[in-house]
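Architecture at a glance
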Amino acid sequence: MHIFDELKERGLIFQTTDEEALRKALEEGQVSYYTGYDPTADSLHLGHLVAILTSRRLQLAGHKPYALVGGATGLIGDPSFKDAERSLQTKETVDGWVQSIQGQLSRFLDFENGENKAVMVNNYDWFGSISFIDFLRDVGKYFTVNYMMSKESVKKRIETGISYTEFAYQIMQGYDFFVLNQDHNVTLQIGGSDQWGNMTAGTELLRRKADKTGHVITVPLITDATGKKFGKSEGNAVWLNADKTSPYEMYQFWMNVMDADAVRFLKIFTFLSLDEIEDIRKQFEAAPHERLAQKVLAREVVTLVHGEEAYKEALNITEQLFAGNIKNLSVKELKQGLRGVPNYQVQADENHNIVEILVSSGVVNSKRQAREDVQNGAIYVNGDRIQDLDYVLSDADKLENELTVIRRGKKKYFVLTY
């Protein structure tokens, strides 16, 4: 299947500037293309993964990727569909984020092998040395204010206010495309659908300043079946950095996607062939309760982002926690699996009787409730049911001398630390 058709079939093409011309270019030879990532944090998140994997698919089809991390644009801030001005970061902070993001991108694209090996670029390399006067004369003169204000990203902010700094962002992104075209013959830019205005500023600059044609592909903003923006879990982004979102947490994220989304996400986020995904779809629809699509999705994406060992660890943590086998997990694994659950620091001089500790740690609200829960068999310490009201936590209950896991009922976990 032609790469353009495959991208369409997977639901990865939202808009293009000229589909027929782009299809022809991709058929006739190697196309050099770029995707830009602004360092607005020290990690990318699942929302970025759509463009990253689209870039990887094009590389596997023989085309040449340029990964641009915006050391300059990251100092300015993109106004696209933001309600308010971004807070400006220091250059040192942005430089650190650039390095982190470059490290993440190097895991997904091949920077080592072949004629189409990926190239990492930083737009601070050309913006850092250009003077304000030169930029206005050589770039700014090609953009009318009318053209710039027609962009949706600007229109939405006119009423609430937009600084000249953010207003000029689209010109900077347009200049990125121009420089990469001049220096590396880059003719295609890939980005999120919210970037359409900034990306077409680049094709406009190429046309007016160099009389050349540039192409744009936007990938869709991924939402779930309810329309909720994808990659946000209870208000928090699902990060690609394991320290910010553990492999176990990412595994759980994929396991919990709705049935209506699972097969569609397999097309977008995995490198399984469309035929393989079709087979999974048939099995999944025949027995949705077995959650085959979610299991494959979790396996493929966690392995892709964090590696096979991290996937196996996440799977093991899931299985052991589900079975209540706390003692089968290391403290490291428990910290990953129970990150975010209520945590209580036990003081050496406080009463360690099970009833007292249940109240002081906030597991229950009263001693009466604590006694009822213990007697009814609802309280577990490190996976063992405790029904003795006189039970006292001891050093034997400290896993690796660090923590004790209390479970109330089937799913409510609490961690005691020392």
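What comes next is a walk through the structure. Predicted, not measured: the structure shown is a model, and the values here were computed from it. Position numbers for residues start from 1 in each chain and track the written sequence from start to end. Where totals are concerned, whole chains, interfaces and linings use all residues; where local detail is concerned, this predicted model gives features only for residues with pLDDT of at least 70, and gives and counts side-chain atom pairs only at 80 or more. To get the side-chain values, take all heavy atoms of the structure and skip hydrogens and water.

**Some details on the pairing of strand β6 (residues 215–219)**
Extensive coverage of β6 is indicated by the burial of 5 of its 5 residues. Of the two faces of β6, the one carrying His215, Ile217 and Val219 and the one carrying Val216 and Thr218 are both buried. One ladder, built from 2 bridges, connects strand β1 (residues 15–16) with β6; its direction is antiparallel. Bridging across to β6, Thr16 finds its partner in Ile217. The definition of a right-handed crossover adopted here requires that, viewed with the strands pointing away, the path from the first strand over the helix to the second runs clockwise. Elements are defined by DSSP. Helices are runs of H or I of four residues or more, strands are runs of E of two residues or more, and each kind is numbered from the N terminus. Once you follow strand β5 (residues 186–192) into helix α11 (residues 196–210) and on to β6, the crossover reads as right-handed. Remark: exposure states derive from per-residue accessible area (1.4 Å probe, protein chains only) relative to the maximum for the residue type, with buried under 20%, exposed over 50%, and partly exposed in between. Strand pairing follows a simple DSSP-based rule, namely that at least 2 bridges must link the two strands.

**Details of the pairing of strand β3 (residues 64–69)**
Most of β3 is tucked away, with 6 of its 6 residues classed as buried. In β3, alternate side chains face the same way, and those of Lys64, Tyr66 and Leu68 on one face and Pro65, Ala67 and Val69 on the other are all buried. Pairing of strand β2 (residues 32–37) with β3, which is carried by 6 bridges, proceeds in the parallel orientation. Note on β3: the bridge partner recorded for Tyr34 is Tyr66. Handedness of the β-α-β unit built from β2, helix α3 (residues 46–60) and β3 comes out right-handed. Pairing of β3 with strand β4 (residues 119–122), which is carried by 4 bridges, proceeds in the parallel orientation. Bridging from a neighbouring strand, Val69 pairs with Asn122 of β4.

**Looking at helix α14 (residues 274–286)**
The terminal C-alpha atoms of α14, which comprises 13 residues, lie 18 Å apart, in line with the 18 Å expected from a rise of 1.5 Å per residue. Among the residues of α14, those classed as buried are Leu274, Ile277, Ile280 and Phe284. Within α14, the buried residues cover an arc of 110° as seen down the axis, which keeps them to one side. Of the residues in α14, the exposed ones pointing more than 90 degrees away from the buried face are Asp275, Lys282 and Ala286. Contacts between residues were defined by any pair of non-hydrogen atoms, one from each residue, lying within 4.5 Å. As for α14, its buried residues are in contact with α1 (3–9), α13 (259–269) and α15 (292–306). One less than the number of residues in a helix, times 1.5 Å, gives the span that helix is expected to have. The directions considered for the arc are those from the helix axis to the C-beta atoms.

**With respect to the side chain of Gln189**
Assignment of secondary structure puts Gln189 in strand β5. Polar contacts here mean pairs of N or O atoms no more than 3.5 Å apart (in protein, one a potential hydrogen donor and the other a potential acceptor; neighbouring residues in sequence count only if both atoms are side-chain atoms). Engagement of the side chain of Gln189 in a polar contact is seen with the side chain of Tyr34, the distance being 3.0 Å. When sequence neighbours within four positions are dropped, the list of residues in contact with Gln189 reads Tyr34, Gln173, Phe177, Met199, His215, Val216 and Ile217.

**Let's talk about unusual backbone geometry**
Positive phi, normally seen in glycine, also occurs at Asn185, with a value near 55°. Position of Asn185 among the secondary structure elements: in the loop between α10 (169–184) and β5. In this structure, Arg291 takes a positive phi of about 55° despite not being glycine. In this structure, Arg291 sits in the loop between α14 and α15. Classification of Arg291 as partly exposed rests on a relative accessible area of 26%.

**Considerations on the layout of surface pockets**
Think of a 1 Å grid over just the protein atoms. A cavity is a set of points where a 1.4 Å probe fits yet cannot get out, a pocket is an open set with protein on both sides within 12 Å along at least five of seven lines, and lining residues have an atom within 4 Å of a point. Grid points are joined across faces, edges and corners, and a volume is the space filled by probe spheres set on the points. Quantified by volume, the second largest pocket comes out at close to 1,100 Å³. Around the second largest pocket, the lining comprises 43 residues; the ones closest to its centre are His45, His48, Lys82, Asp194 and Gln195. Put simply, the parts of the chain that give the lining of the second largest pocket at least two residues each are β2, α3, α10 and β5. Considering only residue class, the lining of the second largest pocket consists of 17 nonpolar, 18 polar and 8 charged. For every domain, the bounds stem from an assignment made automatically or drawn from a database. A domain split of the lining of the second largest pocket shows at least three residues from each of domain 1 (3–219) and domain 2 (232–323). In this classification, the charged set is Asp, Glu, Lys and Arg, the nonpolar set is Ala, Val, Leu, Ile, Met, Phe, Trp, Tyr, Cys and Pro, and all remaining amino acids, among them Gly, are polar.

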